[in-house]
Amino acid sequence: MESKLITYAYLETTNYCNLDCSFCNRKNVIGELQHMPLHKWEKLLEGIKHHPIKEAKLMGMGEPFLHPDFDHVCRMFKEVFPKCKVIVATNCQFDISRRTKLRSILEDSLKYIDMLYFSIDGYKENYERDRAPAKWSKLIQFLKDFKMINRYDCDVVVNYVVNAYNVEDIEKIDKLRKENKLGMLRLNIAQIWDEDIKMEDDIRTYGYTTKQLDYLKHNWGENIMGKSGWDFEDCFWVKNGLYVTVEGYVKMCCMNTEAIPFGNLFENSIDDVRLTDEYQKVKNGCSTNNPTKHCKSCSYKELVPMLSYLEIQ
């Protein structure tokens, strides 16, 4: 048995969140609300620093900037992995007006973040529906206040989760993006993170009309993220990925957040965790296109036919 070196990490440092988004299953998977203490964050980084991580997302089942020391979280990570691309997502639903603590945390964090996603799904009523209890007015105020913040060299982009009810809003959000001088518009087709529910069971994720799909293909194909020719053997998570919860639990990926952990980085080394029989079974199942129960209901696999229709390469 062997495991390749980790080049991609998805690390959660808080599971506190101020929203209850439509496609998030956090209520089913999070335990006690907590922010990862900096001494534990330091221990986690020490345990993975021998891996050549090239890209890391410092986020998970919570709003990253609600961590009271998130600027230090980002700084500490960059000190250990100075060449790594750091990505963070925010829901933009908090106060960053002058002299607020969150404004200070956000601005200091931007010194160490390479790409920041503004999660904006839908326009006005659709936005408030899918990101309840988010308020459109609060988003607009956030964008207004953000104009006065030093971005340093951070690329600030819009991350838009597409579903059958908000396709027509994409153009409006793209206009908002341009008005606020933000980076590219990234479109992600909505998936289901609950392993017991299939995309075809939810009209939001499977109820697109042919007209909607053709509109996406002909107008936004270059903005849609994903890979149409994907199969289990192409899964990078089992080869080079790492997903860790705020408790330190190692799971295979952020597509199956309800899975039983393979180990805990505060108790086990990452290399030992990846060599366990259970981890290797999942890894080998994907590598041979014979997925175990862990991966059989993979939402990304369900997405492949749609990505193929959209001609996403």
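Look a little higher up for the structure.
What counts, and where the lines are drawn
Residues numbered from 1 in each chain as written. Predicted model: local features only at pLDDT ≥ 70, side-chain atom pairs only at ≥ 80, totals over all residues. Heavy atoms only, no water. Helix = DSSP H or I, 4+ residues; strand = E, 2+ residues; numbered from the N terminus. Rg over C-alpha atoms; globule rule 2.2 N^0.38 Å. Buried < 20%, exposed > 50% of the residue type's maximum accessible area, 1.4 Å probe, protein only. Contact = heavy atoms within 4.5 Å. Polar contact = N/O pair within 3.5 Å; in protein donor to acceptor, adjacent residues only side chain to side chain. Salt bridge = Lys/Arg side-chain N within 4 Å of Asp/Glu carboxyl O.

Student: Got a sec to walk through the overall build of the chain? Specific residues and values, please.
Tutor: When its secondary structure is counted, the chain shows 14 helices and nine strands. In terms of overall dimensions, the chain is globule-like: its C-alpha atoms have a radius of gyration of 19 Å, near the 20 Å expected for 313 residues. In terms of its C-alpha atoms, the chain occupies a principal-axis envelope of roughly 50 × 50 × 35 Å. Counting all 313 residues of the chain, 52% fall into the buried class. Long-range contacts, defined here as pairs at least 24 residues apart, represent 77% of the contacts in the chain between residues at least 6 apart.

Student: A description of the environment of N159 should follow, citing residues and the corresponding values.
Tutor: One can find N159 in strand β5 (residues 155-162). Taking the relative accessible area as the measure of exposure, N159 reaches 12% and is therefore buried. Taking the C-alpha atoms as reference points, N159 and L116, 43 residues apart in sequence, are found 9.2 Å from one another. In contact with N159, other than residues within four places in its own chain, are Y117, F118, S119, I120, D121, R186 and N188. At a separation of 2.9 Å, a polar atom in the side chain of N159 contacts the side chain of N188.

Student: Describe unusual backbone geometry, naming the residues involved and giving the relevant values.
Tutor: For the bond from A132 to P133, the omega torsion is 0°, close enough to zero to count as cis. Residue position: P133 is located in the loop between α5 (125-130) and α6 (136-146). In this model, K181 sits at a positive phi of 55°, which is unusual for a non-glycine residue. Residue placement: K181 occurs in the loop between α7 (170-179) and β6 (185-189). Overall, K181 belongs to the exposed group, its relative accessible area being 66%.

Student: So, the pattern of salt bridges: which residues are in play, and what are the values?
Tutor: Pairing between side chains of opposite charge can happen when the charged atoms of each approach one another. Enumeration over the complete set of coordinates arrives at eleven salt bridges. The partner of D108 in a salt bridge is K111, and the shortest N-O contact between them spans 3.6 Å. By relative accessible area, K111 is classed as partly exposed at 43%. The partner of D121 in a salt bridge is R131, and the shortest N-O contact between them spans 2.8 Å. Of this pair, D121 sits in the loop between β4 (115-119) and α5 while R131 sits in the loop between α5 and α6, placing them ten residues apart in sequence. Taken together, the shared-partner salt bridges connect D174, R177 and K178 into one network.

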